[in-house]
Amino acid sequence: MNTQFWLTQAFNGISYGALLFLVGSGLSLIFGVMRIVNLSHGSYFLLGGYVALSVIWTTGSWLLAIPVAALTIAAVGVAMERVFLRPLGFDPLRQVLLTVGFAFLFQQAALDIWTGNNFDINPPDALTKSIVVGGLYLPLYRIFMIGTALAIGLVLWLVMEKTRMGAAVRATVDDAQMARGVGIDTSRISMLIFALGAFLAALGGVIGGAFLGIYPGLDFEMLPIAFAVVIIGGMGSLGGAAIGALVVGLADNFGKALFPEVSYFTLYAPMALILAVKPTGLFGRE
Amino acid sequence: MKSQHIKVLIVVVALAAIAIIIPNTNSFVILLATRALAFSILVMSLDILLGYTGLPSLGQAAYLGVGAYLTAILATRYQFGLGYDFWLVVVLGILFAAALAAIFGLLAIRATGVYFLMITLALGQCAWGLAYRWNSLTGGDNGINLRARPKFGIDLANEVTFFYLVFFLFAVSLLLMYTLVRSPFGRSLAGIRERELRMKILGYNTWLHKYIAFIIAGGFGGLAGVLWAHTAGIVSPENVVLTTSVDALLMAVLGGAGTLVGGVIGAFIVFGLREYLSTLVPWWQYALGAVYVLTILYLPTGLMGIPERLRQRRAATANREDVKKMAPVTS
C-alpha cells in the first residue's frame, strides 16, 4: 500500500462523497424543515436514473436528461407532499409508513416500466476520458461529479444564507411554530423543500447512474447510506450534509478497501453512536 | 361474560380453526401458513414495543437475523441443533438476540419519536452490514443453506409436523406476550406510551421499563429467527435488511398496533398477498402498496380497530337522532 493507493482511494472517496452530498442534502433539508423521515428518498434517486434513461433512449441527449429527470421527480415529490403527507399531520410513525408504502409502489412501477434489467447511463464521450496528474489516473467523470456537487452546494449555500427565502427556511428548521407566528408560510416552505429534496435526489440518480448503474433494489441500498450522511452531518444543516457526505464517502471507500468484512459496520456503528450521544447529529441545529 | 373474555375466546377458536384446517390443505398453503406464523412472532415482539410501549423500532429484523444466522451456522458448521439439541438452539437463539437487544437498547432507549426511528434504523443496518459483508461467517450475499430440519422422535422434514411445531411455539409466544402486557409491568408500559413524564413523576423508572421491554422483544425476535431459518431453509442478508424490519412494522400497523393478534392478521394478509396473489397477477405489489397507504390514511388503528370505529360511528349517529327527537321539545 503506497501513496498511490491512498491517493486513489481518497479521490474515489471524495467523488463518491460528492454524489452522496446530492442525495443527503435534500434528505437533510426535508428532515430539518418537516421532521419527516422520508423513506421514499432512495426511490427518488432510482426513479431519477430511470427517467433519465428514457430521455436518453428517445432523444439521445444526456444533457437534456439531467433537468428533465430532476424536474419530473421534483413534481412527483410535490404531489406526494401535497396530496398525502400534508393532510396526515404530525405523526412520525404514520409518515414513515406512508413514505415506505410509496417506496414499494414506486418499486413496482419501475419494474413494470423499465423491467428488472441492469442499465448504465452513458455520459458523453468527452467525460469518459481520464487525465493524469502526478502519475495518478483521474477519470474526468469523477471530477465532473465533484464539480457538480461543489456548484450545487455553493448555490444552495448562497440561497440559504443570503436570501429572504433562505432565512425563512432556516427559521422553519429552528422553530416551525415561531416561524408561523411571525408570518412565514411554513406550508409553502415545506412544499418547496420537498420539491428541492426530490430534485437533488433525482439529480444524484442521473449522475450516479453512470458508475453505480441503475437496477431494481438500488433505492433501498441508497436510502440508509443517505441517512448515514444526514445523521453524521446533522439534520437540517447544509454544511453538516457536506461534511457527512465526505466522511461517509471516504469511510465507505477505505472501509471496503482495507477491511471489507466489516465495511458496512464501520459505517453504521458510528451513525448509531452519534445518534445516541447527540441526536441532532454532529453539526445539527439544536 | 366480560368483553375481554369474549375476545380471548374468539382468538382461541380462531387458533384452533387454523390448527385443524391448515394441515388438511395442500402443501403450498401449509408452507405459507408456517412462514406467516413464524414471522408473526417477530411482528408481535415488535408490537410490544410499538403498540404497548410507544417505541416504533425500524430495526427489529436484526433479532430475527441473530436467531436465524445462529441456527444456520450451528447446523451447517457443527451439525448442532439437528436432534434434541434443537431445543438448546431455541434457547440460545432467544438469549443471543436478547443480548444483542441489551446492547442496542443501551444506545437506543434514551431516544424518542423520530430519533428512536433513526437510531433503530442505524442499529439494524449495523446487523445487516455484518450479515452482508462478513463472508467467512455468514456466507455474504449468498447466505447459508440449511440442508436438513431437525429430527428428534418426530421428523420435522414432514411439513405438517413442522407446521405443528411452529404453531405450538407461536401459541406459547402469544400466551407469554399476552400475559406480559396484562401484567402490572405491561400496564406500566402502556402508561409510558400514554405519557412518560407522568409515569416518571409517579416514581417509575421509565428507562428501565423500556429497556426491559426492548430486551424481551429482542428475545422473541430471536425465537422467530430460529423458526424462520428452518422454515425458509435459507438464511441471507435479505432477512436482516431494512425492508424486512419495515414489513414487520407495516404488518403490526395493518392489523392494529397494541393488540398482538392484529400483527398476526397483518402477517397473514401480507404473506397471503405476497405469495398467493403474486402467483395469480403481476400487479400484486401495487395491491400491497395500496393496502399500506390506505391503511395509514384511513385506518390508523388498523383492522382490529374497525369494530371500535363502527361502534363510535353508531354511537355518534344514535346521539344525533336523540338530539333530533328532542329538538321539538326544546324549541
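Residues numbered from 1 in each chain as written. Chains lettered and ligands numbered in written order. Predicted model: local features only at pLDDT ≥ 70, side-chain atom pairs only at ≥ 80, totals over all residues.

## A few points about the overall build of chain A
Here is the rule: Secondary structure counts use DSSP, requiring at least four H or I residues in a row for a helix and at least two E residues in a row for a strand, with both numbered from the N terminus. Within these notes, the globule rule equals 2.2 Å times the number of residues to the 0.38 power, and the radius of gyration is based on C-alpha atoms. In this scheme the burial state of a residue depends on its C-beta neighbours within 10 Å: 20 or more other such atoms mean buried, 12 or fewer mean exposed, and anything in between means partly exposed; the C-beta positions come from the backbone. Contact between two residues is assigned when their C-beta atoms, built from the backbone, lie within 7 Å.
Along the backbone of chain A there are 11 helices and 2 strands. For chain A, the N- to C-terminal ordering of α and β elements is α-α-α-α-β-β-α-α-α-α-α-α-α. By the compact-globule yardstick of 19 Å for 286 residues, chain A fits well, its C-alpha radius of gyration being 19 Å. Each principal axis of the C-alpha atoms in chain A carries an extent, and together these give about 60 × 45 × 35 Å. Across the 286 residues in chain A, those meeting the buried criterion constitute 50%. Excluding contacts between residues fewer than 6 apart, the proportion of contacts in chain A whose partners are at least 24 apart in sequence is 76%.

## Things to note about the overall build of chain B
Across its full length, chain B carries 14 helices and 4 strands. Taking 20 Å as the expected radius of gyration for a compact globule of 331 residues, we find that chain B reaches 21 Å, a close match to that expectation. Its C-alpha atoms put chain B at 85 × 50 × 40 Å along the principal axes. Taken across its 331 residues, chain B has 47% of its residues classed as buried. Long-range pairs, those at least 24 residues apart, make up 76% of the contacts in chain B between residues at least 6 apart in sequence.

## Side note on the packing of helix α11 (residues 265-277) of chain A against helix α5 (residues 113-133) of chain B
Rules: Fitted lines through C-alpha atoms give the axes, limited to the stretch in contact for helices. The angle between two N-to-C directions lies from 0 to 180 degrees. Should an angle lie under 35 degrees it is considered roughly parallel, over 145 roughly antiparallel, and from 65 to 115 roughly perpendicular; all remaining angles are considered oblique. Crossings are sorted by hand: turned counterclockwise from the far helix by less than a right angle, the near helix makes the crossing left-handed, and turned clockwise it makes it right-handed. Here the nonpolar group is Ala, Val, Leu, Ile, Met, Phe, Trp, Tyr, Cys and Pro; Asp, Glu, Lys and Arg are the charged ones; every other residue, Gly included, is treated as polar.
With their axes 8 Å apart at the nearest point, α11 of chain A and α5 of chain B run at an angle of 155° to one another. Here α11 of chain A is positioned roughly antiparallel relative to α5 of chain B, judged by the angle of their axes. You can see that α11 of chain A and α5 of chain B cross each other, and the crossing is left-handed. For the pair α11 of chain A and α5 of chain B, contact is made by Phe265, Leu267, Tyr268, Ala269, Met271, Ala272, Leu275 and Ala276 of chain A and by Tyr115, Met118, Ile119, Ala122, Leu123, Gln125, Cys126, Gly129 and Leu130 of chain B, respectively. Of the residues in the contact of α11 of chain A with α5 of chain B, the class split is 15 nonpolar, 2 polar and no charged.

## Focus on the domain arrangement of chain B
Quick reminder of the rule: What counts as a domain boundary in this text is fixed by an automatic or database domain assignment.
Considered domain by domain, chain B is made up of domain 1 (28-300) and domain 2 (306-331). Centre-to-centre, using C-alpha coordinates, domain 1 of chain B lies 43 Å away from domain 2 of chain B.

## Description of helix α4 (residues 92-114) of chain A
Note the threshold: What a helix should span is 1.5 Å times the count of its residues minus one.
Counted at 1.5 Å a residue, the expected span for α4 of chain A with its 23 residues is 33 Å, and the 32 Å between its end C-alpha atoms agrees. Thr115 of chain A, located one to two residues past α4 of chain A, shows a positive phi value of around 60°.

## Considering the nonpolar core
Let me state the cut-off plainly: By our criterion, buried Ala, Val, Leu, Ile, Met, Phe, Trp, Tyr and Cys residues that link up through C-beta atoms within 7 Å make up a nonpolar core.
Ile73 and Ala202 of chain A together with Ala122 of chain B are the most contacted members of the largest nonpolar core, which totals 195 residues. Beyond its immediate sequence surroundings of up to four residues, Ile73 of chain A is in contact with Tyr44, Leu47, Gly48, Val51, Ala198, Phe199, Ala201 and Ala202 of chain A.

## Notes on the interface of chain B and chain A
Each partner contributes residues to the interface: chain B has 36 residues there, and chain A has 33 residues. Those elements that place two or more of their residues in the side of chain B that touches chain A are α5, α6 (135-138), α11 (242-255) and α13 (284-298) of chain B. When residues in the side of chain B that touches chain A are grouped by element, the largest group, 15 residues, is from α5 of chain B. Here the residues of the side of chain B that touches chain A sort into 26 nonpolar, 8 polar and 2 charged.

## A few points about the pairing of strand β2 (residues 136-139) of chain A
All names here are of chain A. As a reminder of what qualifies: Strands qualify as paired when DSSP identifies two bridges or more between them.
Note that strand β1 (residues 130-133) and β2 share 4 bridges and pair antiparallel. Each bridged residue has a counterpart across the sheet, and for Ile131 the counterpart in β2 is Leu138. Counted along the chain from β1 to the antiparallel partner β2, the turn is 2 residues long, and its residue Gly134 has a positive phi close to 55°.

## Details of the environment of Pro237 of chain B
All names here are of chain B. Inspection of the secondary structure assignment puts Pro237 in the loop between β4 (234-235) and α11. Accessibility expressed as a C-beta count within 10 Å gives 23 for Pro237, which makes it buried. Beyond its immediate chain neighbours, meaning those up to four positions away, Pro237 contacts Trp128, Ala131, Tyr132, Asp141 and Gly143.

## Let's talk about α11 of chain B
An α-helix turns once per 3.6 residues; consequently, residues spaced three or four apart project the same way. Residues and elements named next belong to chain B. Between its first and last C-alpha, α11 extends 20 Å over 14 residues, near the 20 Å set by a 1.5 Å rise per residue. Within α11, 13 of the 14 residues are buried, leaving the element largely enclosed by the surrounding structure. With its phi angle positive at about 125°, Gly256 sits one or two positions after the end of α11.

## Notes on unusual backbone geometry
The phi dihedral of Thr115 of chain A is positive, around 60°, even though this residue is not glycine. With respect to the secondary-structure elements, Thr115 of chain A resides in the loop between α4 and β1. Taking the number of C-beta atoms within 10 Å as the measure of exposure, Thr115 of chain A has 10 and is therefore exposed. The phi angle at Leu260 of chain B is positive, at roughly 60°, despite the residue not being glycine. As for its placement among the helices and strands, Leu260 of chain B is situated in the loop between α11 and α12 (261-280).

## Concerning the packing of helix α7 (residues 159-182) of chain B against helix α10 (residues 206-232) of chain B
Residues and elements named next belong to chain B. Viewed as axis vectors pointing N to C, α7 and α10 meet at an angle of 170°, and their least axial separation amounts to 11 Å. Classified by the angle between their axes, α7 and α10 sit roughly antiparallel to one another. Residues Val166, Leu169, Ser173, Met177 and Leu180 of α7 form the contact with α10, whose participating residues are Ile216, Phe220, Leu223, Leu227 and Thr231. The residue inventory of the contact of α7 with α10, partitioned by class, reads 8 nonpolar, 2 polar and no charged.

## Some details on the confidence of the model for chain B
All names here are of chain B. This is how it is decided: The score called pLDDT rates the predictor's confidence residue by residue, from a low of 0 to a high of 100.
In the predicted model, chain B carries a mean pLDDT of 89, and 97% of its residues have values of at least 70. When pLDDT is averaged over each element of chain B, α10 comes out on top at 95 and helix α14 (residues 306-330) at the bottom at 75. The complex model carries a pTM of 0.89, and its ipTM stands at 0.85.

## A look at the environment of Arg86 of chain A
Residues and elements named next belong to chain A. Following the sequence through the fold, Arg86 ends up in helix α3 (residues 62-88). When the 14 C-beta atoms within 10 Å are taken as the criterion, Arg86 is described as partly exposed. Note: C-alpha distance between Arg86 and Met34 (52 residues apart in sequence) is 9.8 Å.

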